[in-house]
Amino acid sequence: MKKIKFYLMVSWIIFSRSFDAYCTNLHTPDLQKEANPLVSSLGLSWSPLLIILSLLMIYVIFAYYQFVFKPITLDPKERGYSFKEYATYRYLGKKAKWSALLFQFPTSITRFNQVMGQLMAPCLAFAGIVSSFMWLLIFNSSYYRSIHHASVIYSLLIVGCLFIVLSIFKKEYLTYKSVPF
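Rules and cut-offs
Residues numbered from 1 in each chain as written. Predicted model: local features only at pLDDT ≥ 70, side-chain atom pairs only at ≥ 80, totals over all residues. Heavy atoms only, no water. Helix = DSSP H or I, 4+ residues; strand = E, 2+ residues; numbered from the N terminus. Buried < 20%, exposed > 50% of the residue type's maximum accessible area, 1.4 Å probe, protein only. Contact = heavy atoms within 4.5 Å. Areas by Shrake-Rupley, 256 points an atom, 1.4 Å probe, with all protein chains shown as cover. Core = buried A, V, L, I, M, F, W, Y, C linked by side-chain atoms within 4.5 Å. Salt bridge = Lys/Arg side-chain N within 4 Å of Asp/Glu carboxyl O. Phe/Tyr/Trp six-rings, centres within 6.5 Å; stacked < 30°, edge-to-face > 60°.

Undergrad: Tell me what's going on with the overall build of the protein chain, and back it up with residues and numbers.
TA: Across its full length, the protein chain carries seven helices and zero strands. The secondary structure elements of the protein chain, listed N-terminal to C-terminal, are α-α-α-α-α-α-α. Considering only C-alpha atoms, the protein chain reaches an extent of 60 × 30 × 30 Å along its principal axes. Scored against the burial criterion, the 181 residues of the protein chain give a buried share of 39%. Of the contacts formed within the protein chain by residues at least 6 apart in sequence, a portion of 64% connects residues at least 24 apart. Carbon and sulfur atoms provide 69% of the accessible area of the protein chain, an area that totals close to 11,400 Å².

Okay, here's the thing in structure tokens:
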């Protein structure tokens, strides 16, 4: 079952990212209408954009592979952590204030890969769902084209990914709490 879930997730990520790039090329071959900050802020052209996005996708798939097939224990050995303390420990591998999530990195690259694999693969899959529906609506609905705005899409992506991350951490936290001392 692990293999099937892994291959389905990876297949969807690759398909949806490819579909997004294909549709972007159809819609704005010169990238003049592209909202991705790598293009709109940094001015990247197709080649560097595709290289960066491909490398990030490959990393997420690698990290997801590590999480699925070579898992490590991310939970604290001690009991009694609050949700904030637990989430911070799960990511960093040490006790710290929750704000450390914003500016510190985990204690090891292995922990970083595990956490990124667990969190970023579902987020990238969600981004694939959002972008696929967006492109289908752009190409097939004049009403949607008239109301489409990149800020709405990016807001949806941010809120959706935050929900995914919090849901995963909450599920793991409930499992952590249910294990007896």
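So, next bit.
Undergrad: So what's going on with the nonpolar core? Residues and values would help.
TA: Membership of the largest hydrophobic core comes to 25 residues, with the highest contact counts inside it found for Tyr91, Val115, Met116, Phe126, Met134, Ile153 and Leu157. Listed by contribution, the elements that provide at least two residues to this core are helix 4 (83-92), helix 5 (109-140) and helix 7 (150-178). It is helix 5 that contributes the most residues to this core, 11 residues altogether. When near neighbours in sequence (up to four residues on either side) are disregarded, Tyr91 contacts Leu101, Gln104, Phe105, Pro106, Arg111, Phe112, Val115 and Met116. In this structure, Met9, Val10, Ile13 and Val60 belong to the second largest nonpolar core, which totals 12 residues.

Undergrad: Provide a residue-level description of the environment of Leu8, including the pertinent values.
TA: Locating Leu8 in the fold gives a position in helix 1 (residues 2-27). For Leu8, a relative accessible area of 58% gives the class exposed. In this structure, the C-alpha to C-alpha distance between Leu8 and Ala35, residues 27 residues apart in sequence, is 28 Å.

Undergrad: Account for the pattern of salt bridges, with residues named and values stated.
TA: Opposite charge on two side chains makes pairing possible when the charged atoms of those side chains draw close. Scanning all chains against the criterion turns up three salt bridges. Residue Asp20 is joined to Arg17 by a salt bridge in which the shortest nitrogen-to-oxygen separation is 3.3 Å. In this pair, Asp20 and Arg17 are both assigned in helix 1, three residues apart and thus about one turn of the helix distant. The residue Arg90 makes a salt bridge to Asp75 at a minimum N-O spacing of 2.7 Å. With a gap of 15 residues between them, Arg90 in helix 4 and Asp75 in the loop between helix 3 (46-69) and helix 4 connect regions that are remote in the sequence. The buried category is assigned to Arg90, whose relative accessible area is 5%. Salt bridges sharing common partners tie together Asp75, Arg90 and Glu172.

Undergrad: Would you mind going over the packing of aromatic side chains in detail, with residue names and values included?
TA: Inspection of every chain in the model, using the stated rule, returns 17 aromatic pairs. Arranged with centres 5.8 Å apart and planes meeting at 40°, the rings of Trp12 and Phe15 form a pair that is tilted. A residue pair is termed a helical-turn pair when its members lie 3 or 4 positions apart in one helix, as Trp12 and Phe15 do in helix 1 at three residues. You can call Trp12 partly exposed: its relative accessible area is 29%. Owing to a relative accessible area of 47%, Phe15 belongs among the partly exposed residues under this scheme.

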